[in-house]
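# Reading the structure
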Amino acid sequence: MKALIVAPSWIGDTVLAQALFIRLHERIPSLQLDALAPRWVAPVLERMPEIAEVVDSPFVHGELSLKARQRVARQLAQRGYQRAYVLPNSIKSALIPFFADIPERIGFVGESRYGLINRRHTLNKALLPQMAERFAQLAEAPGAPLVRPIPQPRLRSGSEQRAATLIALGVALPEKLAVFCPGAEYGPAKRWPTRHFAALADSLAKAGYAVWLLGSAKDRAIGEQIVDQAQPANLPLNLCGATSLTQAIDLLAAAAFVVCNDSGLMHVAAALGRPLIALYGSSSPGFTPPLSEKARILSLELDCSPCFKRQCPLGHLDCLNKLDPQRVLAACLTRALA
């Protein structure tokens, strides 16, 4: 059996989709499972043992590019896939498997994708409240109940990979490493304040921890603010924008614990099995929680949250401003000793 995954365009969603990949291999041990994915999420898929090959999807978000999709489809048609699992719900994401004439095309109805998807699931949000459950449901027959519990994500990072990353970045692994992921692509309403991250870094430095900051190039300025607001002794190392996603995976794997906003790197840290403190503001852990027994979720659960907004609609961001650094510090030290 050869099957193709049409992967999500977000890092966190791609990690959560691994529940489906693991379940498919449980059902079909001889399965060859490839993934059609944007290049920015490919490093996550490459660290999943269930994925045999990642095929580059060159399309940016919202781009139709019908002729280009037909060209990619012609290339995929030569590979002899018998099934395609289309994870995004858009019409565009279902076009390539259709053009490639893959016989069985599996997914949710989504944007009225009748014909494009021929093994159609209808989403019941009450029965499948979590995104990972919705992905895992695609392993079942349409209408069949989801088998629970669903598998937890598990990314690979070996000691040789971590050593190569440290050498490439020119950094040495400290005895006690705490990693902060202070960014969140969605918007400021998901970001714990930089002054709180700085205060937490100061407290952890006193406890003997080195603090490294990880994120994309877009998070570089956020990391600089944290460094500027921290005490001069034992300043955090700002690696935001200085690593590839592959290198970030290896650095997260080396951490004693990780402190993250609700972001893609939060899900990566969870899938690496690292002790994790996940900070929630405008979003809800009910939909996309970190799938790890080592994760601790901190949320003030105010009446105004979750609002799911990019910016605080009330202008105060109390859901994160009032999440005290001392509370997060206590969770860090508890996770580290667990």
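Before reading further, recall that the structure is shown in the block above.
Below: a short report on this structure. (Residues numbered from 1 in each chain as written. Predicted model: local features only at pLDDT ≥ 70, side-chain atom pairs only at ≥ 80, totals over all residues. Heavy atoms only, no water.)

### Quick look at the sheet that holds strand β10 (residues 257-261)
The strand order across the open sheet formed by 6 strands is β9-β8-β7-β10-β11-β12, and the pairing between neighbours is parallel. Either end of the sheet is taken by a strand with one partner, and the two such strands are β9 (237-238) and β12 (295-298). In this sheet, β9 lies alongside strand β8 (residues 210-213) in parallel orientation, the contact comprising 2 bridges. Its bridge partner being in β9, W212 is matched across the sheet by L237. (Pairing = 2+ DSSP bridges. Helix = DSSP H or I, 4+ residues; strand = E, 2+ residues; numbered from the N terminus.)

### Some thoughts on the side chain of R23
Residue placement: R23 occurs in helix α2 (residues 18-27). Residues within four places of R23 in sequence aside, it is in contact with A139, E140, L146, V147, P149, I150 and P151. (Contact = heavy atoms within 4.5 Å.)

### A closer look at the packing of aromatic side chains
Inspection of the entire model under this criterion finds 4 aromatic pairs. Where F98 meets F99, the ring centres are 6.0 Å apart and the plane angle is 55 degrees; that geometry is what we call tilted. Residue classification places F98 among the partly exposed positions, given a relative accessible area of 38%. Judged by relative accessible area, which is 30%, F99 ranks as partly exposed. Ring geometry for Y209 against F257: centres 5.2 Å apart, planes inclined by 65 degrees, an arrangement best described as edge-to-face. With Y209 in the loop between α8 (194-206) and β8 and F257 in strand β10, this pair connects stretches of sequence that are 48 residues apart. Accessibility classification places Y209 together with F257 in one group, the buried group. The cationic tip of R69 hangs over the ring face of F59; the distance from NZ or CZ to the ring centre is 4.3 Å. Lying over the aromatic face of Y209, K176 brings its terminal NZ or CZ to 4.3 Å of the ring centre. (Phe/Tyr/Trp six-rings, centres within 6.5 Å; stacked < 30°, edge-to-face > 60°. Buried < 20%, exposed > 50% of the residue type's maximum accessible area, 1.4 Å probe, protein only. Lys NZ or Arg CZ within 6 Å of the ring centre and 35° of its normal.)

### Quick look at the environment of D250
Here D250 shows up in helix α10 (residues 245-253). Since its relative accessible area comes to 2%, D250 is described here as buried. Once the C-alpha coordinates of D250 and A269 are considered, the two residues, 19 residues apart in sequence, prove to be 9.8 Å apart. When near neighbours in sequence (up to four residues on either side) are disregarded, D250 contacts R47, S157, Q161, R162 and T165. Within the structure, the side chain of D250 is placed 2.9 Å from the side chain of R47, a separation counted as a polar contact. Side-chain polar atoms of D250 contact the side chain of T165, separated by 2.8 Å. (Polar contact = N/O pair within 3.5 Å; in protein donor to acceptor, adjacent residues only side chain to side chain.)

### So, the sheet that holds strand β3 (residues 53-56)
Spatially, 6 strands are ordered β3-β2-β1-β4-β5-β6 in an open sheet, and the strand pairing comes out parallel. The sheet terminates laterally at β3 and β6 (119-121), the two strands that pair on one side only. Averaged over all pairs of adjacent strands, the angle between their axes in this sheet comes to 20 degrees, without regard to strand direction. Across 3 bridges, the pairing between strand β5 (residues 104-108) and β6 is parallel. What sits directly across from I106, in β6, is R119. (Axes fitted to C-alpha atoms, helices over the stretch in contact; angles between N-to-C directions.)

### Focus on the state of the cysteines
A full pass over the atoms with the stated rule returns 0 disulfides. Left unpaired, C181 is separated from the closest cysteine sulfur, that of C260, by 3.4 Å. (Disulfide = S-S within 2.5 Å.)

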